[in-house]
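Residues per chain, in single letters:
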Amino acid sequence: MMFKKLLATTAIAVAMMSTGVVQAADIKIGLVVKALGIGFFEAANEGAQEAAKELGGVQVIYTGPTSTTAEGQIEVISALIAQKVDAIAVSANDTDALVPILAKAQKRGIKVISWDSGVAKKGRQMHLNPSSNALIGEMNIKLAADALKAGNFASGDVAILSATPTSTNQNIWIEEMKKVLPKYSNLNLVATVYGDDLADKSYREAQALLKTYPNLKAIIAPTTVGILAAAQAVKDAGKIGKVYVTGLGLPSELAGHVDSGAVHSFAIWNPIDLGYAATMIAYNLVKGNGSDTKIGMGRLGDANLDENGEAAMSEPFIYDASNVHKFADIF
Ligand code: RAM
């Protein structure tokens, strides 16, 4: 009798614990970003924390190196393995360099996905692209063409300011841009340079482009760090209206540059949703939910996986003077 009573009390105590305010995390997910201090990834973390809260019993550990290197990511991934996380979701600084450490994680039973910037197939179970890569590539070129139109330039030189030279996502997008460029005969691509998703290096690379190419009409930066630095460089050089900056950026970071005219328009998907979706997928893998072709992304529906184990979240959105301030408060 006494024993039964004890059991009942324990059951109540356990039940209370699981509904209590201080909840022990049953599942730990490491969210590894290219580098700390980048607004885009901070927004993604916001979404990841939202997913953790919605699921309950989930802890998201937001982490990354201080600069955008594969070596730095290998270190933080090693630490996550030592902490015995259940899943790792990484936006990679290098397609191949992370494969050995991620293979080690998988051998220990940790579920691994890449999101935003992918790792090679051997290093992960699936990859979540923010959107179709072809669509992102074409959109960047179209935005450059729109910028030339806004400046009343019939034609002109354009340059790409990217993140790191090993960044999977930017490299694929640049490839896609080059595929559609022949359709835009008024755009003459003169250079592709790399700011490594560091504000100061991106700024200097943009300055160098302005100096080297006097007929430059647009800088396409498919990186939130690069586009912001390039807009600042154009402004500081007194080239507003002469050179337009476009690419992928955050409304919160670019609203002022749209106002000044350094940026006519730019694009991005919802980075909060991207972090949310990556976390939901990581959780579902840990729980054994989903299949080789479909896995849930919570309020965003299902991710449909292709034969490469890749899925696309949604479509990018274009921002300009008509809507940038409305979204600047969100991300
Ligand atoms: C930067 C990063 C990220 C990319 C965005 C658009 O924040 O390079 O990987 O997706 O830009």
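Up top you'll find the structure we're talking about.
Values in this document were obtained by computation on a predicted structure and should not be read as measured data.

Asks: Please clarify how empty space enclosed by the protein should be interpreted in this entry.
Replies: Taken as a whole and assessed by the stated rule, the structure comprises 1 cavity of 30 Å³ or more. Estimates place the volume of the largest cavity at around 110 Å³. Along the wall of the largest cavity there are 15 residues; nearest its centre are Phe-40, Asp-116, Gln-170, Thr-223 and Thr-224. When residues of the lining of the largest cavity are traced back to their parent elements, those giving at least two are helix H2 (39-55) and helix H6 (168-180). The element contributing the most residues to the lining of the largest cavity is H6, with 3 residues. When grouped by side-chain class, the residues that make up the lining of the largest cavity number 8 nonpolar, 4 polar and 3 charged. Built from parts of two domains, the lining of the largest cavity gets at least three residues from each of domain 1 (11-130 + 270-314) and domain 2 (133-268).

Asks: Looking at this structure, I do not really get the site of the ligand. What am I missing?
Replies: Among the 14 residues in the neighbourhood of the ligand, the closest are listed as Lys-34, Asp-116, Gln-170, Asp-197 and Thr-224. Asn-169 is positioned with one of its side-chain polar atoms (N or O) 3.0 Å from an oxygen atom of the ligand. With respect to the ligand, the side chain of Thr-224 contributes an N or O atom lying 2.7 Å from an oxygen atom. Considering the ligand on its own, with 300 Å² of exposed area, one finds that the protein chains cover 100% of that surface. The cavity that encloses the ligand is the largest cavity. Those elements giving two or more residues to the shell around the ligand turn out to be H2 and H6. At 3 residues, H6 tops the list of elements feeding residues into the shell around the ligand. For the shell around the ligand, a count of residues per class yields 7 nonpolar, 4 polar and 3 charged. When residues of the shell around the ligand are sorted by domain, at least three fall in each of domain 1 (11-130 + 270-314) and domain 2 (133-268).

Asks: Would you mind going over the nonpolar core with me for this structure?
Replies: The biggest cluster of nonpolar side chains holds 86 residues, and the ones touching the most others in it are Trp-115, Leu-128, Leu-187, Ile-219, Trp-269 and Ile-281. When residues of this core are assigned to their parent elements, the largest contribution, 8 residues, is made by helix H10 (residues 271-287). Both domains that furnish three or more residues to this core are identified here as domain 1 (11-130 + 270-314) and domain 2 (133-268). Grouped together as the second largest cluster of nonpolar side chains are 18 residues, Ala-70, Ile-81, Ala-92 and Val-112 included.

Asks: Honestly, the sheet that holds strand E7 (residues 187-194) in this entry has me stumped. Any pointers?
Replies: Backbone hydrogen bonds hold the strands of a sheet together, and the pairing may be parallel or antiparallel. One open sheet holds the 4 strands; their spatial order is E7-E6-E8-E9, and the pairing between them is parallel. Strands with a single pairing partner mark the edges of an open sheet, and in this sheet they are E7 and strand E9 (244-247). On average, each strand axis in the sheet is inclined to that of its neighbour by 25°, with strand direction left out of account. When strand E6 (residues 156-162) meets strand E8 (residues 216-221), the two strands line up parallel, connected through 4 bridges. Residue Val-158 lies in a different strand from E8, and its bridge partner there is Ala-218. Running at roughly 175° to E9, helix H8 (residues 224-236) makes contact with E6, E8 and E9 of the sheet.

Parameters at a glance
Residues numbered from 1 in each chain as written. Predicted model: local features only at pLDDT ≥ 70, side-chain atom pairs only at ≥ 80, totals over all residues. Heavy atoms only, no water. 1 Å grid on protein atoms, 1.4 Å probe; cavity = no way out; pocket = protein on both sides within 12 Å on 5 of 7 lines; lining within 4 Å. Points joined across faces, edges and corners; volume = space filled by probe spheres on them. Helix = DSSP H or I, 4+ residues; strand = E, 2+ residues; numbered from the N terminus. Nonpolar A, V, L, I, M, F, W, Y, C, P; charged D, E, K, R; others polar. Domains from an automatic or database assignment. Near = heavy atom within 4 Å. Polar contact = N/O pair within 3.5 Å; in protein donor to acceptor, adjacent residues only side chain to side chain. Areas by Shrake-Rupley, 256 points an atom, 1.4 Å probe, with all protein chains shown as cover. Sits in = over half its atoms within 2 Å of the grid points. Core = buried A, V, L, I, M, F, W, Y, C linked by side-chain atoms within 4.5 Å. Buried < 20%, exposed > 50% of the residue type's maximum accessible area, 1.4 Å probe, protein only. Pairing = 2+ DSSP bridges. Axes fitted to C-alpha atoms, helices over the stretch in contact; angles between N-to-C directions. Contact = heavy atoms within 4.5 Å.

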